[in-house]
Amino acid sequence: MDLRSRVNFGLRTDGIIENYTANGHVVGQREYMKYVKNFEEFREFIANVTNAAKHGIGVNKATYDITINRNVIISDEDDRVRFPSITFPDKPMSVILATNDKLLYAADIEDLLKQKWPSFVLKDKQFLDSRPIYLESFDGYDVTYRPLTQNGVINDIVIDTNLNQIWPVATGKPPIALVELLNKTTEKVR
């Protein structure tokens with residue numbers, strides 16, 4: 001038995017897409033998923049998400065929650081018939097990408113979405129919060145958003161397109177937890 005290990009990182013985020021069908025115009029969520037092997041490939045993923053958000057067929061919602069799952073795959077290199085392997089997932093981490101390189105506030109939503117949807121009007125403007133937000137979804141009429149949080153249960157970290165942390169504290173460099181996770185590219189097998 002010749003056990004070997006390899007590590008990959010599963011990245012997942014949701015985007016807002018527009019489709020024109022025979023029944024009309026549809027707006028909805030679409031999941032983007034990719035596997036990368038290291039920090040540089042993660043940087044390429046961020047560049048692609050940013051480019052798609054700004055110039056793609058969808059709506060740039062300015063904030064994208066990216067879930068990062070570290071997977072350790074153990075395989076038996078001696079068995080060339082069945083190629084058995086097993087995957088051990090690590091605890092996931094998530095960061096919020098700000099495609100405009102700054103924090104988003106509820107007061108910014110209407111101007112942001114009017115770029116693609118000129119008739120969009122944000123309802124309940126009197127309840128706008130002054131805290132930065134994560135814009136979760138948009139269905140063509142309604143938006144769902146929540147304030148950024150650091151409460152022990154939800155610990156949002158916001159990064160810009162250069163991977164620098166801009167919330168909860170602007171550090172001018174990538175979050176330490178993200179760098180440590182993406183640098184764990186090997187795993188010992190016993």
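All values reported here derive from a predicted model rather than from experimental measurement.

1. Focus: the overall build of the chain
Stage number 1. When helices and strands are counted, the chain shows three helices and ten strands.
Stage number 2. In the chain, the succession of helices and strands from N to C terminus is β-β-α-β-β-β-β-α-β-β-β-β-α.
Stage number 3. Its C-alpha atoms put the chain at 65 × 45 × 25 Å along the principal axes.
Stage number 4. Out of the 190 residues belonging to the chain, those deemed buried represent 41%.
Stage number 5. Contacts in the chain between residues far apart in sequence, at least 24 positions, make up 61% of those at least 6 positions apart.
Stage number 6. Carbon together with sulfur atoms contributes 50% to the accessible area of the chain, which is approximately 11,300 Å² in total.

2. Observations regarding the pattern of salt bridges
Stage number 1. One pass over the full model with this rule turns up twelve salt bridges.
Stage number 2. Two residues, D2 and R4, come together in a salt bridge whose shortest N-O distance is 2.9 Å.
Stage number 3. Between R82 and D79 there is a salt bridge whose closest N-O contact spans 2.8 Å.
Stage number 4. R82 sits in the exposed class, given a relative accessible area of 66%.
Stage number 5. Among the residues examined, D79 registers a relative accessible area of 14% and is labelled buried.
Stage number 6. Overlapping salt bridges, with partners in common, bring together R70, D90, K184 and E187 in one network.

3. Quick notes on unusual backbone geometry
Negative phi characterises most residues that are not glycine, and trans characterises most peptide bonds.
Stage number 1. P168 follows W167 through a cis peptide bond whose omega is 10°.
Stage number 2. Position of P168 among the secondary structure elements: in the loop between β10 (165-167) and α3 (176-183).
Stage number 3. Within the chain, A62 stands out as a residue other than glycine whose phi angle is a positive 70°.
Stage number 4. The residue A62 is located in the loop between α1 (39-55) and β3 (63-76) in this model.
Stage number 5. When its relative accessible area of 1% is taken as the criterion, A62 is described as buried.
Stage number 6. Residue L163 is not a glycine yet carries a positive backbone phi of 70°.
Stage number 7. With respect to the element layout, L163 can be found in the loop between β9 (158-159) and β10.

4. Some details on the sheet that holds strand β8 (residues 143-147)
Stage number 1. With antiparallel pairing, the three strands of this open sheet are ordered in space as β6-β7-β8. Edge strands, defined here as strands with exactly one partner in the open sheet, are β6 (104-105) and β8.
Stage number 2. For β6 and strand β7 (residues 132-138), the ladder comprises two bridges, and the chain directions are antiparallel. Bridge pairing in β7 places L104 opposite I133.

Conventions and cut-offs
- Residues numbered from 1 in each chain as written.
- Predicted model: local features only at pLDDT ≥ 70, side-chain atom pairs only at ≥ 80, totals over all residues.
- Heavy atoms only, no water.
- Helix = DSSP H or I, 4+ residues; strand = E, 2+ residues; numbered from the N terminus.
- Buried < 20%, exposed > 50% of the residue type's maximum accessible area, 1.4 Å probe, protein only.
- Contact = heavy atoms within 4.5 Å.
- Areas by Shrake-Rupley, 256 points an atom, 1.4 Å probe, with all protein chains shown as cover.
- Salt bridge = Lys/Arg side-chain N within 4 Å of Asp/Glu carboxyl O.
- Pairing = 2+ DSSP bridges.

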